[in-house]
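# Descriptive structure summary
Here are the chains, one letter per residue:
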Amino acid sequence: MKVSKSLLLVFFLILINVSNIKAETVPPSPEMARSSAAAAGPVAPPGAPIDQHLLILFASALIFGTCTIYTYNSKRKASV
């Protein structure tokens with residue numbers, strides 16, 4: 001049974017890698033890129049902020065990490 005599971009895992013990993021390789025897009029020609037960029041609207045300048053609300057994201061990550069560590073420690077103490 002172990003051989004079957006490992007073969008299935010290898011098959012799915014190969015399948016995922018092949019689909020990633022096949023999903024590669026061909027870059028458009030320069031003329032096409034200019035026309036599509038003009039239609040898409042203004043482009044953000046280099047160095048622009050990636051996203052808004054980074055403080056909220058940082059706070060939620062800190063809370064999640066604290067809760068995860070607390071539950072891990074409480075389970076570890078309970079099992080001893």
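Residues numbered from 1 in each chain as written. Predicted model: local features only at pLDDT ≥ 70, side-chain atom pairs only at ≥ 80, totals over all residues. Heavy atoms only, no water.

### Some points on the overall build of the protein chain
The following threshold applies: Secondary structure elements are taken from DSSP: a helix is a run of H or I of four residues or more, a strand is a run of E of two residues or more, and numbering for both begins at the N terminus. Any residue under 20% of the maximum accessible area for its type is buried, any over 50% is exposed, and the rest in between are partly exposed; the area is computed with a 1.4 Å probe on protein chains only.
Counting secondary structure elements, the protein chain contains three helices and zero strands. Helices (α) and strands (β) of the protein chain occur, in sequence order from the N terminus, as α-α-α. The 80 residues of the protein chain split such that 0% are buried.

### Topic: a nonpolar patch on the surface
Selection criterion: Excluding any residue in a salt bridge, patches collect residues exceeding 30% relative accessible area, merging like charges within 9 Å and nonpolar Val, Leu, Ile, Met, Phe, Trp and Tyr side chains within 5 Å. Methods summary: accessible areas were calculated by the Shrake-Rupley approach with a probe of 1.4 Å, and residue burial reflects only the protein chains presented. Salt bridges are defined as contacts in which a side-chain nitrogen from Lys or Arg sits within 4 Å of a carboxyl oxygen from Asp or Glu.
Together, Leu8, Phe11, Phe12 and Leu15 make up a nonpolar patch on the protein surface, roughly 400 Å² of accessible area in all. For Phe12, the position within the fold is in helix α1 (residues 2–22).

### Digging into the confidence of the model for the protein chain
Put simply, the test is: Per-residue confidence from the predictor is given as pLDDT, running between 0 and 100.
In the predicted model, the protein chain carries a mean pLDDT of 74, and the fraction of residues at 70 or more is 51%. Across the protein chain, element-level confidence peaks in helix α3 (residues 54–79) with a mean pLDDT of 86 and bottoms out in helix α2 (residues 30–40) with 58.

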